[in-house]
Amino acid sequence: MVAMSALHAPVLRWYDDHARELPWRGPEASAWSVMVSEFMLQQTPVARVLPVHEAWLRRWPTPADLAAESTGEAVRAWGRLGYPRRALRLHAAATVIAEQHDNQVPSAYADLIALPGVGDYTAAAIATFAHGRRHVVLDTNVRRVLGRAIGGVELPPASITKAEREEALAVLPADEPTAATWSVAVMELGALVCTASSPRCGDCPVADLCAWRAAGHPAYDGPPRKVQTWAGTDRQCRGRLLAVLRDSDGPVHRSRLDAAWSDEAQRARCVASLIADRLLVVAGPDTYALP
Ligand code: SF4
C-alpha cells in the first residue's frame, strides 16, 4: 500500500485555495476539451493556449467535428501556438476516436496511447485529468517540484529516469480521485510557485518539508543544459512561412514566401520540410497551400 506522504495534505489544501480557473479544468469540462488542452500545452504557455483552445472547442466541440474538416483547417486554426505538427496529430487522433471509439475520448491508458500522436505523458495526463484515473503524470513542472522537494536537487535530469518514475509513483496517493487531484496540484505548484528560475519558497505549502530548501538551495551541478534558441532557426523560418499560408484564403505564390524569409537556402529547406511533414502542399507551379 502507498504510504500517505506528508506532502499530500499541504499541497492539496494549497491547490484548493490557489488553483487557476481554466476552461479545461472543473466538472463541466469535456474529456475532449482536456485532450485538446494537453496537445496545445505541451510546448506552449497557458496564456497563449487559452484563446486558441476556446476557438477550437467552439468550432469543433467533439472529435468527429474536427475529423470532418481538412488537416489544413486544423493547421490554420492552430495559429501561432508553434510546433504545428501537433495540429496534424490531434486531427489524426480525433479521426480514430470518431471512427473507433464512438466519438468518445477513451479513458483507458492503453486505448489512449494507441492513438496517433499520443505518447506516455499525454495518455497519462488525459486519463488522469479527463477521467480521474491514477497515473504518474510527469511534466517539467512536476519533475521540478518532486526533484526539489524530495530529491533535494535544483533541476531533474535532462530526460525522465526510472528512479524518478518510481519516486513519483511512491508519492502518488492510493485512491484514484485523490491521485488525480494530486497530479494537477503538483503541476500547478510548479507553474505558480516552484518555478524554474525564481521559486517562491516563502509562499510554498511544503517549504518546511522541502529537501532542496533544507540543503540551502545548492546550485545545479549536472551536465550542461541545452538552451533553446529561436531567432534565425529553421523553426522560426517554418513559422513565418506557415503564417503566410494561414493568413491567406487560398494558395499563395512562391514570391510571397520569398518575401517572408530572406535566406534562400534556409527557406527552400524549410519549404521542403513543411511539405515532408504534410503541413504544406504544392498547389501548382510555384504555388503552395495548406493541406
Ligand atoms: S520550498 Fe521552494 S524549492 Fe521547495 S518545493 Fe517549495 S518552492 Fe520549490
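Scroll up for the structure.
These figures come from a predicted structure and were not determined experimentally.

About the cut-offs
- Residues numbered from 1 in each chain as written.
- Predicted model: local features only at pLDDT ≥ 70, side-chain atom pairs only at ≥ 80, totals over all residues.
- Heavy atoms only, no water.
- Near = heavy atom within 4 Å.
- Nonpolar A, V, L, I, M, F, W, Y, C, P; charged D, E, K, R; others polar.
- Axes fitted to C-alpha atoms, helices over the stretch in contact; angles between N-to-C directions.
- Helix = DSSP H or I, 4+ residues; strand = E, 2+ residues; numbered from the N terminus.
- Left-handed = near helix turned anticlockwise from the far one by under 90°.
- Contact = heavy atoms within 4.5 Å.
- Salt bridge = Lys/Arg side-chain N within 4 Å of Asp/Glu carboxyl O.
- Buried < 20%, exposed > 50% of the residue type's maximum accessible area, 1.4 Å probe, protein only.
- Parallel < 35°, antiparallel > 145°, perpendicular 65-115°, else oblique.
- Pairing = 2+ DSSP bridges.
- Core = buried A, V, L, I, M, F, W, Y, C linked by side-chain atoms within 4.5 Å.
- Domains from an automatic or database assignment.

1. A short note on the site of the ligand
The immediate surroundings of the ligand are formed by Arg148, Cys194, Cys201, Cys204, Ala207, Cys210, Trp212 and Arg213. Residue composition of the shell around the ligand, by class: 6 nonpolar, no polar and 2 charged.

2. Description of the packing of helix H2 (residues 31–41) against helix H8 (residues 120–131)
Contact geometry of H2 with H8 gives a least axis separation of 9 Å together with a crossing angle of 145 degrees. The hand of the H2/H8 crossing is right-handed. The residues of H8 that touch H2, namely those facing Ala31, Val34, Met35, Glu38 and Phe39, are Tyr121, Thr122, Ala125, Ile126, Phe129, Ala130 and His131. Along the lines of polarity and charge, the residues of the contact of H2 with H8 split into 9 nonpolar, 2 polar and 1 charged.

3. Let's talk about the pattern of salt bridges
According to the stated counting rule, one finds 16 salt bridges in the structure shown. The residue Glu54 makes a salt bridge to Arg58 at a minimum N-O spacing of 3.5 Å. Placement of both Glu54 and Arg58 in helix H3 (residues 46–59) is noted, with a separation of 4 residues, approximately one turn of the helix. By relative accessible area, which is 61% here, Arg58 ends up exposed. Between Glu73 and Arg76 there is a salt bridge; the shortest N-O distance is 3.2 Å. Highlighted residues: Glu73 and Arg76, both in helix H5 (residues 71–78), separated by 3 residues, approximately one helical turn. Here Arg76 falls in the partly exposed class, since its relative accessible area comes to 25%. When salt bridges with common partners are traced through the structure, they connect Arg59, Glu69, Glu73 and Arg76 into a single cluster.

4. Describing the packing of H2 against helix H6 (residues 85–100)
Interaxial distance between H2 and H6 falls to 10 Å at its minimum, and their mutual angle equals 155 degrees. Between H2 and H6, the angle is such that the two are roughly antiparallel. Along this stretch, H2 crosses H6, giving a crossing that reads as right-handed. Counting all contacts with H2, which are made through Trp32, Met35, Val36, Phe39, Met40 and Leu41, the residues of H6 involved are Arg86, Arg89, Leu90, Ala93, Ala94 and Ile97. Classifying every residue of the contact of H2 with H6 gives 10 nonpolar, no polar and 2 charged.

5. Regarding the sheet that holds strand E1 (residues 252–253)
One open sheet holds the 3 strands; their spatial order is E1-E3-E2, and the pairing between them is antiparallel. Two strands lie at the open edges of the sheet, namely E1 and strand E2 (281–284), each paired on one side alone.

6. A short note on unusual backbone geometry
The backbone of Tyr83 sits at a positive phi, close to 40 degrees, despite the residue not being glycine. Relative to the assigned elements, Tyr83 resides in the loop between H5 and H6. A positive phi angle, close to 50 degrees, is found at His217, a residue other than glycine. Topologically, His217 is positioned in the loop between helix H12 (211–214) and helix H13 (234–246). Owing to a relative accessible area of 35%, His217 belongs among the partly exposed residues under this scheme.

7. Comments concerning the nonpolar core
Counting residues in hydrophobic clusters, the biggest one holds 48 residues, and the most contacted among them are Trp32, Met35, Trp56, Leu90 and Leu241. Elements with a minimum of two residues in this core: H2, H3, H5, H6, H8, H13, helix H14 (254–260) and helix H15 (264–276). Per-element tally for this core: the top contributor is H6, with 7 residues. Each of domain 1 (4–131) and domain 3 (234–289) accounts for three or more of the residues forming this core. Look past the residues within four positions of Trp32 in its chain and what remains in contact with it is Trp56, Leu57, Trp60, Pro61, Thr62, Pro63, Leu66, Leu90, Ala94 and Val105. If you look at the next biggest cluster of nonpolar residues, it comprises 27 residues, including Tyr15, Val137, Ala168 and Val186.

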